[in-house]
Amino acid sequence: MAGLFISFEGVDGVGKTTQVERLRQYLESRGRTVLVTREPGGTPLGATLRQLLLRNVAEDAADIAPRAEALIFAADRAQHVAETILPALERDEVVITDRYLDSSLAYQAGGRELTAREIRDLSLWATNDLLPVRTYLLDMDPAESHARLQHDEDRMESAGDDFQNRTRRAFLDLAKAEPERFRIIDAAQPIETVWTQIRVDIDDLFGYGEASR
Ligand code: TMP
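Sequence positions are assigned chain by chain, starting from 1 and proceeding in written order. Local features in this predicted model are restricted to residues whose pLDDT is 70 or higher, and side-chain atom pairs enter the listing and the counts only when it is 80 or higher, whereas totals over whole chains, interfaces and linings include all residues. Neither water nor hydrogens contribute to the side-chain values; these are computed over all heavy atoms in the structure.

1. Focus on the packing of helix 1 (residues 16-29) against helix 8 (residues 191-206)
Packed helix pairs are characterised by how far apart their axes lie and by the angle those axes make with each other.
Here comes step 1: Only the stretch in contact is used when a helix axis is fitted, and all axes are lines through C-alpha atoms; the angle between N-to-C directions ranges over 0 to 180 degrees. Numbering of helices and strands runs from the N terminus, with a helix taken as a DSSP run of H or I at least four residues long and a strand as a DSSP run of E at least two residues long. Running from N to C, helix 1 and helix 8 point in directions that differ by 45°, and their axes come no closer than 10 Å. By the angle between their axes, helix 1 is oblique relative to helix 8. When the axes of helix 1 and helix 8 are compared, the crossing they make is right-handed. Here T18, Q19, R22, L23, Y26 and L27 of helix 1 lie close against helix 8, whose contacting residues are I191, E192, V194, W195, I198, R199, I202, D203 and F206.
Here comes step 2: Polar here means any residue other than Ala, Val, Leu, Ile, Met, Phe, Trp, Tyr, Cys and Pro, which are nonpolar, and Asp, Glu, Lys and Arg, which are charged; Gly is therefore polar. Per-class residue counts for the contact of helix 1 with helix 8 are nine nonpolar, two polar and four charged. In this scheme, roughly parallel covers angles under 35 degrees and roughly antiparallel covers those over 145, while 65 to 115 is roughly perpendicular and the rest are oblique. Definitions for this section: a left-handed crossing has its near helix turned counterclockwise from the far helix by less than a right angle. A right-handed crossing has that turn clockwise. Contact definition: two residues touch when any of their heavy atoms are within 4.5 Å.

2. Some points on unusual backbone geometry
Here comes step 1: Look at the link from E39 to P40: it is a cis peptide, with omega at -10°.
Here comes step 2: Looking at where P40 falls in the secondary structure, it is placed in the loop between strand 2 (34-38) and helix 2 (44-54).
Here comes step 3: A positive phi angle, close to 85°, is found at R99, a residue other than glycine.
Here comes step 4: Checked against the element boundaries, R99 lands in the loop between strand 3 (94-98) and helix 4 (101-111).
Here comes step 5: Of note, N128 is a non-glycine position whose phi angle comes to about 55°, a positive value.
Here comes step 6: Among the secondary structure elements, N128 is positioned in the loop between helix 5 (116-127) and strand 4 (134-139).
Here comes step 7: Here the term buried applies to any residue with accessible area under 20% of the maximum for its type, exposed to any over 50%, and partly exposed to those in between, with areas from a 1.4 Å probe on protein chains only. Here N128 falls in the exposed class, since its relative accessible area comes to 68%.

3. A few points about the layout of surface pockets
Here comes step 1: Grid spacing is 1 Å over the protein atoms alone, the probe is 1.4 Å, and a cavity is where that probe fits but cannot get out, while a pocket is an open set with protein on both sides within 12 Å along at least five of seven lines and lining residues have an atom within 4 Å of a point. Grid points are joined across faces, edges and corners, and a volume is the space filled by probe spheres set on the points. In this model, the largest pocket occupies a volume close to 780 Å³.
Here comes step 2: Along the walls of the largest pocket sit 38 residues, with D12, K16, T17, D98 and R99 positioned nearest its centre.
Here comes step 3: For the lining of the largest pocket, the secondary-structure elements that each account for two or more residues are helix 1, strand 2, helix 2, helix 3 (66-90), helix 4 and helix 8.
Here comes step 4: In terms of residue count, the dominant contributor to the lining of the largest pocket is helix 1 (six residues).
Here comes step 5: In terms of residue class, the lining of the largest pocket is built from 13 nonpolar, twelve polar and 13 charged.

4. Notes on the sheet that holds strand 2
Here comes step 1: Should DSSP find at least two bridges between two strands, the strands are taken to pair. The strand order across the open sheet formed by five strands is 2-3-1-4-5, and the pairing between neighbours is parallel. Each edge of the sheet is formed by a strand with only one pairing partner; in this case those strands are strand 2 and strand 5 (182-186). For this sheet the average axis-to-axis angle between neighbouring strands, irrespective of direction, equals 20°.
Here comes step 2: Summarising the sheet, strand 4 and strand 5 pair through five bridges and their orientation is parallel. Counterpart to L138 in the pairing with strand 5 is I185.
Here comes step 3: Lying on the sheet, helix 1 is in contact with strand 1 (4-9), strand 2, strand 3 and strand 4; it crosses strand 3 at an angle near 170°.
Here comes step 4: The sheet contacts of helix 7 (residues 161-177) involve strand 1, strand 4 and strand 5, and relative to strand 4 the element is tilted by about 145°.

The following block contains the structure:
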């Protein structure tokens, strides 16, 4: 498989979408075919699962149980890999996904307190062990990043400060445990500074030398 698989991670509101779009434009300007996608909701089945996961549960209904939530995210991911990601990698494309398995590790294990082992095993089973070659963790205090959100909070976003802080910490721990795959970027910096840090790393990853910049 000659394609390249890249993911962006971080708590809500850190600016992943903006940086994903910058990266798409940059790689396309370098002649690569790029597929931008996201989780949850990167396929038609996933779009339905996304609605189940993110809509606020009616006041008289029980919230989604942690194990059910983890399974629905994993089902979304399994379909995403099978239907979208793997075929694009096989066509030699660059796949950039806004969230992937580390979000489950950070939110369902870090945030919801299922074990990391359970969530990792579930996710790797769902994806047939497919991992990105590079993961950009856009890191920021959730109190600041949430203030940037320009829509009403969804079910995950409204889960409370402790949950968001545990999630951020879990992302940082994941990144520190896998320094070869992760790059931690301070997302509180200006957009241009964040992008420059990503671009320098991408140039390195793709072997785009100084001379051709
Ligand atoms: P989004 O708003 O960035 O598209 O993400 C939707 C929400 O779902 C976000 O709050 C993070 C959460 N999420 C998980 O809890 N587990 C996962 O595996 C994924 C992919 C997202």
